[in-house]
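# Architecture and fold: a report
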Amino acid sequence: MESTWLLGAACVVMVMTASVSGCNRGHYESEIDKLCLAKFHFDMGSVDRGLWCSWPDTSEIYEGLTNCTYQVALRMDCFWPDQIVDRFFVEIHGKYFHDCAPTGRLIHDPSAKVLAPFIGVPVLVTLLVTALVVWRSKHTEGVL
């Protein structure tokens, strides 16, 4: 019970401190660009462009960028995430990840083992039904 009260008091003090000291949003945005974006550009430059959509190859860089924006916000008494960070990540995604699938996997055609049944079965069924209709139309005796 006492620890809950202390945690609540600590949150109130943090919110009051942030609102008293304020966040210089212009400086905050420029620091994110200067510190985080520059490192992200450098790190992504070391990854082959064809691997930008590969989460295993870019997750560490992306997590570093996320952590950087959080650390800058923390040091400057700014809320995180906020509109500046949201806009920042939208720009990052627009430049680096706009061609990626929503699941984060590389887009590619399925293998022939997967495609063959999806192509072959409908073709065979179509031929079978056509042959059955032709055969049935030639043998109409005994049908009421």
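Residues numbered from 1 in each chain as written. Predicted model: local features only at pLDDT ≥ 70, side-chain atom pairs only at ≥ 80, totals over all residues. Heavy atoms only, no water.

## Details of the packing of helix 3 (residues 55-75) against helix 4 (residues 83-96)
- Remark: helix 3 packs on helix 4, axes separated minimally by 11 Å, with the N-to-C direction vectors making an angle of 160 degrees. Between helix 3 and helix 4, the interaxial angle falls into the category roughly antiparallel. In terms of crossing hand, the pair formed by helix 3 and helix 4 is right-handed. Where helix 3 approaches helix 4, its residues Tyr 62, Leu 65, Thr 66 and Thr 69 are matched on the opposing element by Val 85, Phe 88, Phe 89, Ile 92 and His 93.
- In the contact of helix 3 with helix 4, the residues fall into six nonpolar, three polar and no charged. (Axes fitted to C-alpha atoms, helices over the stretch in contact; angles between N-to-C directions. Helix = DSSP H or I, 4+ residues; strand = E, 2+ residues; numbered from the N terminus. Parallel < 35°, antiparallel > 145°, perpendicular 65-115°, else oblique. Left-handed = near helix turned anticlockwise from the far one by under 90°. Contact = heavy atoms within 4.5 Å. Nonpolar A, V, L, I, M, F, W, Y, C, P; charged D, E, K, R; others polar.)

## Regarding the side chain of Asp 82
- Inspection of the secondary structure assignment puts Asp 82 in the loop between helix 3 and helix 4.
- Asp 82 sits in the buried class, given a relative accessible area of 11%.
- When neighbours within four sequence positions are excluded, Asp 82 is seen to be in contact with Arg 25 and Tyr 28. (Buried < 20%, exposed > 50% of the residue type's maximum accessible area, 1.4 Å probe, protein only.)

## Quick notes on unusual backbone geometry
- In this model, Trp 80 is joined to Pro 81 through a cis peptide bond whose omega is -5 degrees.
- Along the chain, Pro 81 falls in the loop between helix 3 and helix 4.
- With a phi close to 55 degrees, Asp 77 is a non-glycine residue in the positive phi region.
- For Asp 77, a relative accessible area of 33% puts it in the partly exposed group.

## With respect to helix 3
- With 21 residues, helix 3 should cover 30 Å at 1.5 Å per step; its first-to-last C-alpha distance of 29 Å lies within 8% of that length.
- Every buried residue belonging to helix 3 is among Thr 58, Ser 59, Ile 61, Tyr 62, Leu 65, Thr 69, Val 72 and Ala 73, and all of these are buried.
- Those residues of helix 3 that are buried lie in contact with helix 2 (25-45) and helix 4.
- Downstream of helix 3 by one or two residues, Asp 77 has phi in the positive range, about 55 degrees. (Expected span 1.5 Å × (residues − 1).)

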